[in-house]
Amino acid sequence: MDRTWAIVAAGAVVALLGGTALWIGLNRGPADPFAQCRSGQAGADIGGPFTLVEGTSGRTVTEKEVIDRPTLVYFGYTFCPDVCPLDMARNAEVADILEEQGQDVRLAFITVDPARDTAQVVSEFAQNIHPKAVGLTGSEEQIKTAVNAYRAYYKLHEPEAGDDYYLVDHSAFTYLMLPGTGFADFYKHAAPADEVAQSVSCYLQATSAQN
């Protein structure tokens, strides 16, 4: 497999997804407690129930167990040549910035390639990213349910006979999910860590102000 082609393909996916960001919007309104934190234009229904396998423990978990604190959710795969590692590294930096501010944020990595991303594989990937990261896998049906709930996208490139290397096109958004609230915001591939951390901090402060 030509590494250059893989990188170009991954870049093309990101460019395409940049244009699709318009359909992911956010609720605005005078009663919106997060109005000052919003960055989108229209309403969207993102997130929902899922049942997946948590890599480290091997337990089957639900979205309520995963999102038991503010969580940055990302869909990708561990064999991704560059986009996924870069996005997860950025999210890890966000978690570190927020931790310095006394704020606790979890990172959730949900694979879109369960055939290769076993529980052990996603666990090792998540642990290498950040201590607060969890890797999640499952059956094809479980993955599709989670992907559809988050309005995400993925498409597997069928490998050639005898070749176990293949690419998976996928959306490259990170979703901020809040327990008890649900979807708060999303961040594109190109968003720098400091801007994402500032945005997440805004939501966490607004949440604290409500309590």
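Residues numbered from 1 in each chain as written. Predicted model: local features only at pLDDT ≥ 70, side-chain atom pairs only at ≥ 80, totals over all residues. Heavy atoms only, no water.

Undergrad: Can you walk me through unusual backbone geometry in this structure?
TA: Glycine aside, a negative phi is what most residues show, and trans is what most peptide bonds show. Even without glycine at this site, arginine 151 takes up a positive phi of about 55°. Assignment of secondary structure puts arginine 151 in the loop between α5 (140–149) and β6 (154–156). (Helix = DSSP H or I, 4+ residues; strand = E, 2+ residues; numbered from the N terminus.)

Undergrad: What should I look at first to understand the pattern of salt bridges in this one?
TA: This model, assessed by the stated rule, comprises seven salt bridges. One salt bridge in this structure joins arginine 106 and aspartate 68, with 3.0 Å as the shortest N-O distance. Note that arginine 106 is positioned in strand β4 (residues 106–111) and aspartate 68 in the loop between α2 (63–66) and β3 (71–76), a separation of 38 residues in sequence. Its relative accessible area of 43% is what places aspartate 68 among the partly exposed residues. Put simply, arginine 69 and aspartate 104 hold a salt bridge, and the shortest N to O gap is 3.5 Å. In this pair, arginine 69 is assigned in the loop between α2 and β3 and aspartate 104 in the loop between α3 (83–100) and β4, connecting sequence segments 35 residues apart. Counted as one network, the salt bridges with shared partners bring together Asp68, Arg69, Glu99, Asp104, Arg106 and Lys132. (Salt bridge = Lys/Arg side-chain N within 4 Å of Asp/Glu carboxyl O. Buried < 20%, exposed > 50% of the residue type's maximum accessible area, 1.4 Å probe, protein only.)

Undergrad: Honestly, the sheet that holds strand β9 (residues 182–187) in this entry has me stumped. Any pointers?
TA: Whether parallel or antiparallel, the strands of a sheet pair through hydrogen bonds between backbone atoms. Strand order in this open sheet of seven strands is β2-β1-β5-β4-β3-β8-β9, and the pairing throughout is mixed. Each edge of the open sheet carries a strand with a single partner, namely β2 (60–62) and β9. Between one strand and the next, the sheet's axes are offset by a mean angle of 35°, whatever the strand orientation. With six bridges joining them, β3 and β4 adopt parallel strand pairing. (Pairing = 2+ DSSP bridges. Axes fitted to C-alpha atoms, helices over the stretch in contact; angles between N-to-C directions.)

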